[in-house]
Structures are given as structure tokens and as C-alpha cells.
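A look at the structure
These are the residues of each chain, in order.
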Amino acid sequence: MWRTRLRALIVKELLAILRDPRGRLVLILPPIMQLVVFSFAATLDVTNVDVLVLNRDAGRWGVELIHRIDGAPTFATVATVDSPEDLQAGIDRQDAIAAIQIGPEFSRDIAAGRPAEVQVILDGRRSNAAQIVAGYLSRIVDTLAREVAPANPNIPDLQVVPRTWFNPNRIYQWFMVPNLVAAIAMLVGLVVTGLSIARERELGTFDQLMVSPLRTHEILIGKVIPPMMIGTVHITVYILAAVFVFGVPLRGSLVLLYGSAIFYLLAVIGVGLFVSALSATQQQAILGAFLFMVPAMLLSGLATPIDNMPQWLQPITLINPLRYFLEIVWGVFLKDLPPEEILADTIPLALIAVATLGTASWLFRRRME
Amino acid sequence: MSPAAPSPAAPSPATGRMRRFAALVVKESTQVVRDPSSILIALVLPMILLFLFGYGVSLDATRTRIGVVMEAATPVIRDLAASFQASRYFEVELGHDRRQFEDRLILGEVRGIVVIPAQFAAEGAGRGAPTIQVIVDGSEPNTASFVENYAQGVVSRWAQMRMTDVTGGLAGQPAIAVEQRFWFNPELASRNFLVPGSIAIVMTLVGTLLTALVVAREWERGTMEAMMATPVTAAELLAGKILPYFLLGLASMTVCVLAAVFVFAVPFRGSVLALYAVSACFLVPALGQGLLISAATKNQFLASQLALFSGFLPSFLLSGFLFEISSMPEIIQYLTLIVPARYLIPCLQSVFLAGDIWAMFLPHMAVMLLIGAVLFVLAARNMRKRIA
Amino acid sequence: MTTPAAPDLVRLEAVTKRFGTAAPPALDAVSGQIRGGEITGLVGPDGAGKTTLIRLMTGLMRPDGGSVQVLGFDTGRQAARIHGAIGYMPQRFGLYEDLSVAENLTLYADLRGLPKPDRPAVFDQLLTFTDLKRFTARLAGRLSGGMKQKLGLACALLRKPRLLLLDEPSVGVDPISRRDLWAMVEELTRDGIGVVWSTAYLDEAEACDRVLLLNQGKLLFAGLPADLTARVAGRVFKLAGGSGQRRRVLAAALEQDGVVDGVVQGEAVRLVLAPAEDEAALAGRIAGEGHRIAPTEPRFEDAFVDLLGGGPGGRSALAESATPLPTDDGAPVIEARGLTKRFGDFTAADDITFAIPRGQIFGLLGPNGAGKSTTFKMLCGLLKPTSGEGRVAGFDLRHAGAKARNRLGYMAQKFSLYGDLSVAQNLAFFAGVYGLSRRRRRERSQLMVEIFDLGPHLGMSAKDLPLGLKQRLALACAVLHEPEALFLDEPTSGVDPITRREFWSHINGLVEKGVTVLVTTHFMDEAEYCDRISLIYRGRSVALGSPDELKAAVATADAPDPTMEDAFVALVRRSEEAAAA
């Protein structure tokens, strides 16, 4: 008989979400927006930047350098300025992220075999992008330098050969789209769980459930399974999009990915239940979910690596389920992470799930008093 | 008994308007102080965000863990390895076999492997092209680029030093030297631009989310209806809503700026005037958006959803705060043009790091005001003193 | 009280308002007048168009057809002029819950431009008038329903308006506060103010000077309430004598030709007969042997139902299909033993004890916040009692909650169905959570669909159903599993009288089959259906007895035949006096 009751609960829950236009809105719009915006816009790549050039050199090498910069794919426009004042104003106004200043002696120095110098001024207000731009410019200058330098048998041509594993062309989307698999599952799990109980409270149907012969744990299970199903559907859609739309390689085992996803979803849904146990209205539930989601996303390695955080802050990320699942997702997509490593990340997820679900159901029982 | 007859001398229209406006402002302010969700959004949330962006989000890959493989233990190779160890960007683990690090690269325990081949010692002394391999973890492309760039930097600096030692004098210098100068932020701390940027996000939350919620609440509770049936005009109603939240937005901003300067030690090189001028101009579209959302939805739940997805997310993603706009696809670049935070963030970053650059502030302020004007017209149309 | 010279404050000319093109118009060519110095009742069930009409009068909405003139101004073009001269209290009173009583008053005084020097006097007068003086510093959100309503009224009255519009001022307010409010408003009309009072309670209509009776957007009647009541004059009878049989008597009477409408009234049955040559003879025929039948004073509701073409029949297919429950053991089905609930220092329910034997309707009656909901919730297991115990069908709710809950059916005030689920899905869900077997699930659902005529609406979302159908569906879901005990929380508030009669004939029929019913209400009509009533006031049961006993307890020489509402008010006052003494 409990099976009949549970089935009725789950069917009801799914129907309530899918038949409600608001529910559909919450389920469909944000995930699609995230997929589009994050995968295309959220990139730490630096391309299409504008630079300024102040060329006070009359010779051919200055022109040659500008020509090469202009030809590089990273740079969109290379604008020429005539005075240091214009250069400063251009950087100040952020017309360009970098300015190259070539001194009057540049060509003469090169011709004479003296060390020549170019100055690169970068906008420290965007220091991350500026550093990357500085790297590009240095490489262009280095190449030129090698060509103009007279062969010196004493100077070995020291070469650094970079090799990039897992993502040879360092396509940012290969990083971002697998991230989204984890982020979306969190968003959906939290919001669906958080809202479902708050909505029933608002409509008064929660009392209706409470006077039915359902036991508290049955109600809780009935509230956990539907978001699990919806979360799994979202994960699947995103995996398909990653592989077939964005061409991200899937090197590891899908079975392991789904296996660990169950624990991840449980952990997230536990947080959702917790939020909904504390909120009386849907609006409070949304704010509560938001309040959890923003720190969880920022302290997970999704936006920036955990290694970059200060030492004292890093332990906090240990209770963040997203952190573990991100490692699993990257591992399975790009790295073919061995099963024991996936297990090592799944165990903390399971522990977090036990903690969040336990706390949430305890809170529930207490609130029913 | 009857309610007292009013005195026949009715106030003049102008003082009546002022008094109604003042009453609305006082009411709204009292509510802000008494409503926990206002305090949550205007005070707690900004502090959490500032904390997260001040500490949690950092683009500076300081002390990235890498493995350095010395395939032979010659002095030259040890010397090069030592300069990796000396770099402030790396935390180096030394090894003799690359296989030792390959598994750890998969696990993400090291972010790169520098392989100095055995031939290097021999070759390095003579001719040829000794190659140093840098293997990076491409699953995090940004970190990968940093590791590669810094590794390259370490190697070329080492080479210069070495050549200078060997040949004595100038021969070690490259034919063209690049002198890099990072203006405004020479220490290249990402916090210095992330913290000012996050203030824009805080103001979006206060301006858009909070305003949308409180106005939607008035619709839900029926107080809007009661207001509308009094002599209050729609303009007064709007203005009475805007002023308190405008001031609250500026107050949140002020608290955040103080925290940025005194807690996070971000330099503040511009003027307070410029700070308030650009912030004030930003609050116009932010409030306009909040009013528009609430007038269109009249429902707190939908309003909060819409405010988060049309306010918070674009301010975060499409404003150049964290991600370079120029690197986005063209269509999305056009989309960013209507995101008010896109104009505020460079201004704030400049006020903090560069100083007053009015040549940039003024056009940006103009665009924000323009967007604000459009939003206000739309909101006012939706709000006209009518229910349906 | 009507002064013939009173000018029309509002003129409605063929006013039509539609929301969406598909739906029938919310108001369909309504014409009428509102006069000064009178209370005009805007009467009709939920969804009749009352709120829409009031909003049109405030100028917050414009009609799609026809015109609305208020105080000589057109609402379309001169809304601002109107706003300066009217007082409007929307549903839920339009108060800021985060502001105190005094702050709300000050705010509205500023908005309405009440000059500063006048304020102390006006505030003092209004606070005295509304009896809120002691609470000026309290937040509006912390006031009781009745106090909120008075404050809302005070805010609307700050600058003496010429027209006062009150949208359902008596919803969520107990009869005592309602009487206070009525007295206040009546005083206002003496100064020539025109008052519009919208209500779904038909007994309020009777007290109005004039009514506009609306049903589904159509104006059914405009004029003096007495004129409407007159249409059933001489046709209303009280049938007494069938002691303990009143439900059966009513059901039988309703099936007879010539009976237009009937309700239970205490031990008696109230009938409205069809117009006939000789009504007395007809009455005698219907009464049959062993019953006394006597003419009685017609009421507004009698006339309204007559106007709608009469009430439904007395047969309940639901009850006929129900398996009779054994009536032998005599043990109570629902039992409260010393139920007490404390929230902190506040005692919401204090030592409540009663027992309901099988096949009875028991009513919990009381002002808002008095503790009737708390008691109700403890008995159906929604709240854990601080002390004492509640039993349903012999099971203790604390230890065998699920077993007890399996035996009870529950129907909440707002028909808390799943609005986004279709009718069929709602039925399937409730069948499922009560663990009905597949075969029984199909049979019962099928039966419910037939009985309640839900067939044509099976695919519709529950929230889109008209109110009457929602109520039927809620009842269907509550009785799907054939419960022994039914818990009804204000089951018919806002519902039109026809649906209400239909509902009660089902309940009456089920009770005859041995189902036990616990109902909370502040609808005096519903109280009449109860076998026994417990009057809850300030957390305690202050009176317990049958409706007739309670009425008899307060009967005086002046008022030998008090209504249920009179009894309620008198008993509450008596309890207050006892507490004060």
C-alpha cells in the first residue's frame, strides 16, 4: 500500500511542476539561459582586443612590428596615436587594453645590433586580461627578435615546448560546458525542491497531505524523488548538448558519472528541503536558494580555481557538494579519471547528502509540532 | 457621532503634493527598517558578496602546484629547477621521472609538469636547441595559460642570467626587450578590480531585486489599490518608492566602498564626487528595471525570479566584471550594450584604481541615464493609476 | 431612514466589463444608482462581480461598455476628482502591516491632505469611534481581523468622504466585530454619506437600505431588500415536530412538488413553497402526519434562491451510494479530551473536551483567533496538543496517527486542491494517497465523476474551475475513500446558496448513513445544520449544546426567537462579563 501512496505522490509532484506555467518557466528558462550565456559569454579567453600604438620610430622595424601585431588573430584593431597624451587618454578611457610604445631609436638599434626596446603599457584595472595580452605581445616581439638577431653561436636557442593535455586547443567551452552540467543540476534541484513545499504551504495543500494517511517519511521521499528525476533529465540534456553541440570529448565512464550524480543530487535536494522547511512562501524559498547558490558556485572552482583562494578559506569548500561533483564531471569528460578517484569524490557527497537530508527531515518533524 | 469635519482651508496643491510625497517616503523608509527581507538584501547579501569576491574569487594563480622533472641531475639542470622553485608563482615538487606526475596531473593535484630533458645539460653548454617541455592541464584553460606563461618567463629569465654569466656583458640580452608596465594595478591583484566590480552587483540587487519585491508586495497585499484610490498621483507614488531605495542603494554602496578600502585594502584614487555621480546614474536604470518588473508581474515570486535573471545574472556575466566582453560572440556583445552594469563597472574600477576619468565617466553616465529613462517610461506606462 | 431628496452619488449605466475575450463578462450591462445617506448592499456570491463593480466606481478600472458616474464625475476622465472625495477600503483593508496603527493613520492623513491642525481631533475621534485607542503603537499586522477592519475603515474616513466604498468588509471577521462595524457605518449615513457595502453574506443584505443583487455578472435585483423578500411572502414555512429526523424530513420535503427551497433550521426545517392558490393547504399536504407546519417571516436568502429558480432536490446520490456504517456501539467517533495548545505564553486552546457520537454533525463556532482552528487542527492531526488527547475512530492521533488519518476525510476552507492538476489527476492523487486498490480506485473515481457531474471537466485544471465545481471536487476528494469522519473547515464560505444547499444535502445524507462530521464555521446558516455546537471563545469552550438550546439560552421577553447570530453575540458577551467579574 505504501507503494501506491508513494506513486501517487510522485506523479502528483511531477504533474504539479510540469502543468504549472510558472513551474515550467523555472525549469526551462534559467537552464537554457545559463547554457547559452555561460557557454558563450563566460570565457576567460582574451580575443578581439584593441591596442594602441605610438610609433616614434621612422625605420622599417617599427612598421614591421605593428604589422605583425595587426596580423595576429587576438587583436581586433590596432589604432595609431600620435602623442603620449593621446596614449594615456586612450588607456584611461579603456579604448584599448594595451598600448605599445616604440621609441625613435628602435630601427637604428636593431640595425646596429644593439638591444632595442619596446614599452608595453597595460590596463591594470583588468589585470587578468591584461596579463594574457602581455603574454601575446611578448611572444610576437620575441619572434621578431629572433629573426633580427645575428646568429650568435654562444646563445643557445632555448625552446620551451608547451603541451596541453586533455584539451589541446584550450577551448574554454570544454571547461565551461561540463561545469554547467553540475551547476544546472544544483539550480534545478534546489529550486524545484525549495519551491514545491513552499507552494503547497501557500495553497494550503500541505495540510491536505498531513491529514492523509501518509507518514512524514513518505512525504519526504515523495518530495525527494521528483527533483531527482528532473535533475537527472537536466543532466542528461546537458551531457548531450556538451557532446553533440559543443563537441566536448567524453572520455570516462557515463555509468560512474550517473552513479555519483545520484549522491550529488541527494545532497543538493537535502539543501533544498532544508530551505523549504524554513520558508513559508515561495518568494522566501527563492531568496533562500539564491543565498545558498551564490556562495556555492563561487567557492567551488567553477568560476576560479580553489587553489587561488586564501588558505584559510579553502577548508570551507570541503562542505560544498558542487566542488566534488565538478571534479567528477571534469574527470569523466576530459580526463578519464580512474573509478577509485571518482569514488573518493563520491564519498564526501554521500556524507553531505546524509547530513543535509537528515537535518532537513529533522527540521520538518519539528515544524510539524 | 461623525468623523470630524475637516477644516475648510484645504492646503494648496503644491504643499499637498510635497506632504503626500514626504508621507510616502517616510512610510517606505519605516518599512525598509522593519522588514527583514529588506535588511537581508540591502545589508547581509552585500556583505556576503563582497566577502566572496574579496576572498573567494581570485584570478591570481599564485603558487600553483607544478611538478618539475629533472631527467638528469646535472648542475645546469638543478640550477634551472632551482629558479622554478624560486618563482613566486609556483609551488614546485621535484622529481626524476615524468610518470611520477602524470597521474597527479589527471587528478588535478598538480596543474603542470615541466620536463627538463637529460640532453639539456649537454646541449645547453653547446649548440642546438635544447627543448623544455611544459605539460599543462587543459581542463582549466585559464590556469593552463598562466602556468605556461609563467614557465616560459622563468626559463627565459634563467637563460638570460646564465648567458650573462657565461659571456659576460650584453650578449645575454635579447635583440628586442619588452618593458611591461601595468598601470593602475602594478601588483596585478585581481581583487583590486573584482571588489569594485562586485559593488555594481550589490547595487543591482538593491536597486532591482529589492525594489521589484517591495512594489510587488504592495500589489499582492492590496495596499497599492488603497493608495491609488486616494488623491495621490501615479508620479508621486513612483517618486515615493524611488527616493528611499535610491538612498538605500547609495548607502549599501557606501558601506561596500568603506569595506573595500579598509578591509580589502583596495586603493581609492578618484574622488568621492565621481563615485557618487556614477553610482547615482547607475541606480536610475536599476530602479527603473525593478519598478518595471513589479508593475508587470504584481507578484513577489515572479518578480524575484525575473529580477534575478534579468538583473543579477547579466550584471554578473555580461558586464565585463569577470569575463571580457570583447571575447564574447558578436550577438552577445550587442546584448551587453543594454546591461547598465556594463557602464558602471569600468567607472567604478577607474574611480578606485585610476582616478577621475571624466572623459570616460560622462558618456557612460549618459548611456545609463538613457537606459534608465526608457525603463522608467515603460514602468510608468504599466503603473498608470489603473488596475487592469 | 431614506430621504427622498438624497441625490444619486453613483450612476451606473449599462456597465460592462470583460477580462479576456473568451470568458463571460465579469459585469454584464449593470445599471443602478447609489444614494447618499444610505447603505447600499452589493450582494452576491464570490465571482458575481462585486469587486469589479467597486473598482469601477473608484476609477481604478474603466468599463468596456456603459458609463460610471461618481459624484457627478466620469470615472474615465476625472478619476483624480473622485479620489479626493471618496473613501475606499479594499479587501484585506489596504493597511501596511509593518506600520503601527498611528503610522497608518498619519500616512493616510498625509495622502488625503488632512490639515495638520485638525489631526489631533480627528485621530482622537476616529480612534474612539473604532475603539483602537489602546493600540495606537501596535503594528497593523498584529491586530485581529476585526481590529484591522476598523483601522481600515478609520483610514478611509480620515477626510469625511461623500461616498464610502467597502469591499467585503465582513470577510474574516466574527459576528461581534461585524455588528460593531455595521453600527459605525450606520452612523455615518446619518450625515448623508453614501455607503457601498459588498458582501457574500445574504443575511447582511437584509439590513441594507437598498441592495444591488449580482449573480455571475448580472444584476438580478435592485431596490429595497423588503421588496425582494416580498416575492416569497406567505410562501415560507417552518416545519417542526420530526424530532431527530430533521435531515430526513428535509430530504423528503425537497423531493416533493411545490417545494422550491428548504434548509435545516435547528430542530425544524424551513421551506419555501412554490406560488399556489392556497399555500396553507399546500403546506399542510407537504407536512403530512405528525408534523407541525407554520408560516414564518421570509428572509432575503429565501427570495434569492426563489429568484434563481429554486434550490436543488433533496436526494444525494453520494449518500445513496455510501455503505451504511454500523451504529451499534455508541462509542464516540471523534473525541477531544482536555485538548490544550500553548504557543509560548499564549494559550490558544484550553482544556477542550467533547465527544461526537456516530452520525452527528458537530460545529465549532467562534470569533477569529478564538481557538476554533487550533482545536480543529489538533483533532485532525495537523497540530500536536500540548496536553490532552484527540481520538478519531478510536485511534489516538499521537500514537496511531496514520491509522486515524486513514479514517478521516478533510476539506479545507479554500478548497485546497492541486490547482495545476486536472480534475481527473486530483481524483487519482487522492485515491492514491489513501492507498485505494486499483479496482477500487477506478470504481470510486468513476462514481465521484458521475455523482458530481465532473465528466465534462475532467481535463480542466482545478484552479480554472468555477467556484461551485471546485467545491464539489473538494468534497469528492474528501470522501473518495469513504471516511468515517469528515472534517470540514468553513466548507461553504463565499459559495452561492444553490451550491451550498447541494453540499449540505450530501453531508446530511452521509450523516444519515453514519458518517460523523466536525465543522468549523462562522456562517450562521451552517451552524444551524449542526446537531451540537461548541462555542469557542478565548481558547475555551464557553457553551455547548444544540442550536435550539443555545438560542433558547439567550431568548428574552423582548426577543423570544433569537437568531443563531444573536445567540452567538449574546453568549460571547456573557462569557466576557463572566471573565471580567
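The rules behind these values
Residues numbered from 1 in each chain as written. Chains lettered and ligands numbered in written order. Predicted model: local features only at pLDDT ≥ 70, side-chain atom pairs only at ≥ 80, totals over all residues. Helix = DSSP H or I, 4+ residues; strand = E, 2+ residues; numbered from the N terminus. Rg over C-alpha atoms; globule rule 2.2 N^0.38 Å. Buried ≥ 20, exposed ≤ 12 C-beta atoms within 10 Å, placed from the backbone. Contact = placed C-beta atoms within 7 Å. Domains from an automatic or database assignment. Core = buried A, V, L, I, M, F, W, Y, C linked by C-beta atoms within 7 Å. Pairing = 2+ DSSP bridges. Axes fitted to C-alpha atoms, helices over the stretch in contact; angles between N-to-C directions. pLDDT = per-residue confidence, 0-100. Parallel < 35°, antiparallel > 145°, perpendicular 65-115°, else oblique. Left-handed = near helix turned anticlockwise from the far one by under 90°. Nonpolar A, V, L, I, M, F, W, Y, C, P; charged D, E, K, R; others polar. Arc of directions from axis to C-beta.

As a further point, take the overall build of chain A. Secondary structure assignment for chain A yields 13 helices and five strands. For 369 residues, the compact-globule formula gives about 21 Å, and the C-alpha radius of gyration of chain A, at 28 Å, lies well above that figure. Its C-alpha atoms give chain A principal-axis dimensions of roughly 95 × 45 × 40 Å. Within chain A, the proportion of its 369 residues that are buried is 53%. In chain A, 79% of the contacts between residues at least 6 apart in sequence involve partners at least 24 apart.

Let us now look at the overall build of chain B. Looking only at helices and strands, one finds 14 helices and five strands in chain B. If you take every contact in chain B between residues at least 6 apart in sequence, the share linking residues at least 24 apart comes to 79%.

Examined at the domain level, chain B breaks down into domain 1 (20-57 + 189-383) and domain 2 (64-172). If you average the C-alpha positions of domain 1 of chain B and of domain 2 of chain B, the two centres end up 48 Å apart.

This next bit is on the nonpolar core. Among the nonpolar cores identified, the biggest contains 393 residues, and Ala-185 of chain A together with Val-114 of chain B are the most heavily contacted of them. With 20 residues, helix α7 (residues 172-203) of chain A is the single largest residue contributor to this core. Beyond its immediate stretch of four places on either side in the chain, Ala-185 of chain A contacts Gly-231, His-234, Ile-235, Ala-261, Tyr-264, Leu-265 and Val-268 of chain A. Judged by nonpolar contacts, the second largest core, of 37 residues, contains Val-46 and Leu-137 of chain A together with Ala-175 and Ile-176 of chain B.

Across the contact, 89 residues belong to chain B and 91 residues belong to chain A. Examining the composition of the side of chain B that touches chain A, we find that 13 residues originate from one element, helix α6 (residues 141-167) of chain B, more than from any other. Looking at chain direction, strand β5 (residues 159-165) of chain A and strand β4 (residues 131-137) of chain B are connected through seven bridges and run parallel. When the sheet's bridge partners are listed, Trp-165 of chain A is paired in β4 of chain B with Asp-137 of chain B.

A few words now on the environment of Val-155 of chain B. Mapping Val-155 of chain B onto the fold places it in helix α6. In sequence terms Val-155 of chain B and Ala-81 of chain B are 74 residues apart; their C-alpha atoms lie 9.5 Å from each other.

So, on to the sheet that holds strand β1 (residues 64-70) of chain B. The mixed open sheet is built from five strands, whose spatial order is β5(A)-β4(B)-β3(B)-β1(B)-β2(B). Single-partner strands in this sheet number two, and they are β5 of chain A together with β2 (90-95) of chain B. Taking the axes of each pair of neighbouring strands and ignoring which way they run, one obtains an average angle of 20° across the sheet. With four bridges joining them, strand β3 (residues 112-116) of chain B and β4 of chain B adopt antiparallel strand pairing.

What follows deals with the domain arrangement of chain A. Each assigned domain of chain A is listed here: domain 1 (8-42 + 168-368) and domain 2 (49-148). Inter-centroid distance (C-alpha atoms) of domain 1 of chain A to domain 2 of chain A is 47 Å.

Residue and element names in this part refer to chain C. Across the sheet, which stays open at both edges, the four strands sit in the order β2-β1-β4-β5 with antiparallel pairing between neighbours. The open sheet is flanked by β2 (27-35) and β5 (73-74), the only strands paired with a single partner. For strand β1 (residues 8-17) and strand β4 (residues 65-70), the ladder comprises five bridges, and the chain directions are antiparallel. Its bridge partner being in β4, Leu-12 is matched across the sheet by Val-68. In the packing of helix α1 (residues 50-58) onto the sheet, the strands contacted are β1, β2 and β4, and the crossing angle to β1 comes to about 120°.

A word on the environment of Phe-237 of chain C. Residue and element names in this part refer to chain C. The topology assignment puts Phe-237 in strand β11 (residues 236-240). Sequence-wise, Phe-237 and Gly-223 are 14 residues apart; in three dimensions their C-alpha atoms are separated by 25 Å. If we ignore the near neighbours within four places in the chain, the residues touching Phe-237 are Leu-271, Leu-273, Ala-283, Ile-293, Ala-294, Pro-295 and Thr-296.

Next up on the list: the confidence of the model for chain B. Should the pLDDT be low somewhere, the predicted coordinates at that spot are not to be read in detail. Considering every residue of chain B, the mean pLDDT works out to 84; 90% of them sit at 70 or more. Long-range and interchain partners of residues 1-9 of chain B, a stretch whose pLDDT sits below 50, account for 25 contacts in this model, where long-range means more than four residues apart.

This paragraph deals with the pairing of strand β9 (residues 210-215) of chain C. Residues and elements named next belong to chain C. Of all six residues in β9, five are buried, a share of seventy percent or more. Sheet topology note: the β9/strand β10 (residues 218-223) ladder contains five bridges and is antiparallel. In the sheet register, Leu-213 faces β10, and the bridge partner there is Phe-221.

A word on helix α3 (residues 101-111) of chain C. Residues and elements named next belong to chain C. In terms of burial, α3 is a largely internal element, nine of the eleven residues being buried. Among the residues of α3, those classed as buried are Val-101, Glu-103, Asn-104, Leu-105, Leu-107, Tyr-108, Ala-109, Asp-110 and Leu-111. Just downstream of α3 lies Gly-113, where phi reads positive at about 70°.

Quite often, the size of an interface is put as the accessible area lost when its parts meet. Facing the 23 residues of chain C at the interface are 23 residues of chain A. If you list the elements that add at least two residues to the side of chain C that touches chain A, you get α14 (401-406), β20 (408-411) and α15 (423-433) of chain C.

Residue and element names in this part refer to chain C. A positive phi angle is found at Leu-71, which is not glycine, with a value near 50°. With respect to the helices and strands, the residue Leu-71 is situated in the loop between β4 and β5. If you check the backbone angles, Asp-351 has positive phi at about 55° while not being a glycine. Relative to the assigned elements, Asp-351 resides in strand β16 (residues 346-357). By C-beta crowding, Asp-351 is classed as partly exposed, having 15 other C-beta atoms within 10 Å.

Further remarks concern the environment of Thr-563 of chain C. Topologically, Thr-563 of chain C is positioned in the loop between α20 (547-554) and α21 (564-580). Sequence separation between Thr-563 of chain C and His-83 of chain C is 480 residues; the distance between their C-alpha atoms is 40 Å.

Below, the discussion takes up the packing of α7 of chain A against helix α11 (residues 282-298) of chain A. Residues and elements named next belong to chain A. As a packed pair, α7 and α11 sit with axes 8 Å apart at the nearest point and diverge in direction by 160°. When the axis of α7 is compared with that of α11, the two are roughly antiparallel. Once α7 is placed against α11, the crossing between them reads as right-handed. Judged by residue contacts, Ala-183, Met-186, Leu-187, Leu-190, Val-191, Gly-194, Leu-195, Ala-198, Arg-199 and Glu-202 of α7 engage Gln-282, Gln-284, Ala-285, Gly-288, Ala-289, Phe-292, Met-293, Ala-296 and Met-297 from α11. Here the residues of the contact of α7 with α11 are counted per class, giving 13 nonpolar, four polar and two charged.

Side chains that are three or four residues apart share a direction in an α-helix, a result of its 3.6 residues per turn. Along helix α4 (residues 99-107) of chain B, the residues classified as buried are Phe-101, Leu-105 and Ile-106 of chain B. What you see down the axis of α4 of chain B is that its buried residues fit within an arc of 145°, all on one side. Seen from the buried face of α4 of chain B, the exposed residues on the opposite side, beyond 90 degrees, are Arg-99 and Asp-103 of chain B. Those residues of α4 of chain B hidden inside the fold are in contact with β5 and α12 (321-335) of chain A together with β1, β2, β3 and β4 of chain B. Immediately downstream of α4 of chain B, the backbone of Gly-108 of chain B shows phi near 80°, a positive value.

Attention now goes to the pairing of β4 of chain C. For a regular strand, side-chain orientation follows a simple rule: the groups alternate between the two sheet faces. Residues and elements named next belong to chain C. Sheet topology places β4 next to β5; two bridges connect them, and they run antiparallel. Within the sheet, the bridge partner assigned to Gln-69 lies in β5 and is Asp-74. In sequence, β4 turns back onto β5 through a hairpin of two residues, with Leu-71 there showing a positive phi of about 50°.

A word on the packing of helix α2 (residues 36-56) of chain B against helix α7 (residues 191-221) of chain B. The description of two helices packed together rests on the angle between their axes and the distance between the axes. Residue and element names in this part refer to chain B. Remark: α2 packs on α7, axes separated minimally by 9 Å, with the N-to-C direction vectors making an angle of 160°. With respect to each other, α2 and α7 are oriented roughly antiparallel. Considering how the two elements wind past one another, α2 and α7 form a crossing that is right-handed. Along the contact surface, α2 presents Ser-37, Ser-38, Ile-41, Ala-42, Leu-45, Pro-46, Leu-49, Leu-50, Phe-53 and Gly-54, while α7 presents Arg-191, Leu-194, Val-195, Ser-198, Ile-201, Val-202, Leu-205, Val-206, Leu-209, Leu-210 and Leu-213. Its residues assigned to classes, the contact of α2 with α7 shows 16 nonpolar, four polar and one charged.

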